[in-house]
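# Examining the three-dimensional arrangement
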Amino acid sequence: MSLDPPASLAALPPDRRRAEILAWLRETDAGRLAALFDAADGVRRAHVGDAVHLRGLIEISNICRCDCLYCGLRASNAALPRYRMTRDEILECAAAAVAYGYGTVVLQAGESDAFGVEDIAALVREIKAATPLAVTLGLGERPREDWAAWKAAGADRYLLRHETSDTALLRRLRPAHLYPSRIDALRVLQALGFETGSGIMVGLPGQSYASVAGDIMLFADLDLDMVGIGPYIPHPATPLAGAASNLGAEQAPATEAMALKAVALARLACPCANIPATTALATINRTDGRESALRAGANVVMPNLTPARYRRLYEIYPEKACIDESSEHCDECIKARIRAIGRTIGTGPGSRAAPPR
């Protein structure tokens, strides 16, 4: 196996592309992986530039109707105090995003009716009227008419992670669905005109190397605008808490190295997409997890603007990075880290890069 020129990965015939991706996911040689990360970084530089775009994350509620086996917000976790931010609290966070120079806010919540359709539409309208921010929503699966109302209110983007393209595995781990599959839901979002993002956890118990390769193929096939990849981190209050991290030779490991390989391959497969250096990577490597992802093809970071009294309660997994930092400190720290590796701070909404002509 040899690393193809970066632009050729997406152009390879599907069987060859899958084989190439799978071989790189299995690669362990440090020198060869350095070459992979360098290639992905070069594609990132050529297609989206050196700017790192900052998306201010606001975790507006941790209430969730779902009972996903991997998530600490699951409805069965009775030990977790639940919250719903007020309109004023959310708008204060949006104003902070503007003050920090961010181009986007992300309103994220558990999947629930804690906020009604008009509640979210009104928030979107107010943020768009009062600020220059792009608005991204990450509120799980909703009926098409809800999404259409939010798009009409001015929402720009929607994030809906599919977690794994292995349908049988996802059905076991995430039993609640409004759509036949997350892929169907993503296509609805695209048809409504949202910039659409999805992503995966790497290392879910039962997830194979071949499944991760299929995910990366799917990113390109869906022509996603945003791709989020992070390692699976078990939560003690979930049924998967005691699952072995290595379930056999074909189990994809939940490691930083595996997640970085997936980030790099996603960049080679989706040259123009926005790819974040995720908080999960920063959580398992607090020294330079985000920086490693930025060097492997990522170009987005999502500083947390959620008020401190709520931040620890949005516990998808335990002990998230930056959980006790103020928004101001988080902003200063992230910007310093970005500049320290020779990258610049992006301005404006940071939409997906235009494809090459």
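The paragraphs below set out a description of the structure included in this document. (Residues numbered from 1 in each chain as written. Predicted model: local features only at pLDDT ≥ 70, side-chain atom pairs only at ≥ 80, totals over all residues. Heavy atoms only, no water.)

### Description of the environment of V106
Structurally, V106 is set in strand β2 (residues 104–109). Along the primary structure V106 and C322 are separated by 216 residues, whereas in three dimensions their C-alpha atoms are 17 Å apart. Ignoring anything within four residues of it in the chain, the contact list for V106 reads R55, G56, L57, I58, T136, L159 and M302. (Helix = DSSP H or I, 4+ residues; strand = E, 2+ residues; numbered from the N terminus. Contact = heavy atoms within 4.5 Å.)

### Examining helix α9 (residues 256–269)
Counted at 1.5 Å a residue, the expected span for α9 with its 14 residues is 20 Å, and the 20 Å between its end C-alpha atoms agrees. Within α9, twelve of the 14 residues are buried, which leaves it mostly tucked inside the rest of the structure. Where α9 is concerned, the buried positions are M258, A259, L260, K261, A262, V263, A264, L265, A266, R267, L268 and A269. (Expected span 1.5 Å × (residues − 1). Buried < 20%, exposed > 50% of the residue type's maximum accessible area, 1.4 Å probe, protein only.)

### Brief notes about the packing of helix α4 (residues 117–130) against helix α5 (residues 144–153)
Helices that pack against each other are described as a pair by the angle of their axes relative to one another and the distance between those axes. Packing of α4 against α5 brings their axes to within 8 Å, and their N-to-C directions diverge by 20 degrees. As judged from the angle between their axes, α4 and α5 are roughly parallel. Crossing handedness for the pair α4 and α5: right-handed. Across the interface between the two elements, V117, I120, A121, V124 and R125 from α4 touch D146, A149, W150 and A153 from α5. (Axes fitted to C-alpha atoms, helices over the stretch in contact; angles between N-to-C directions. Parallel < 35°, antiparallel > 145°, perpendicular 65-115°, else oblique. Left-handed = near helix turned anticlockwise from the far one by under 90°.)

### Observations regarding the packing of helix α2 (residues 30–48) against α9
Close contact between α2 and α9 brings their axes to 9 Å; oriented N to C, the two are set at 40 degrees. Relative to α9, the element α2 lies oblique. Handedness of the α2/α9 crossing: left-handed. Together, L33, L36, F37, A39, A40, V43, R44 and V48 of α2 and L260, K261, A264, L265, R267 and L268 of α9 make up the contact between the two elements. The class makeup of the residues in the contact of α2 with α9 is eleven nonpolar, no polar and three charged. (Nonpolar A, V, L, I, M, F, W, Y, C, P; charged D, E, K, R; others polar.)

Just geometry here; none of it tells us what the structure is for.
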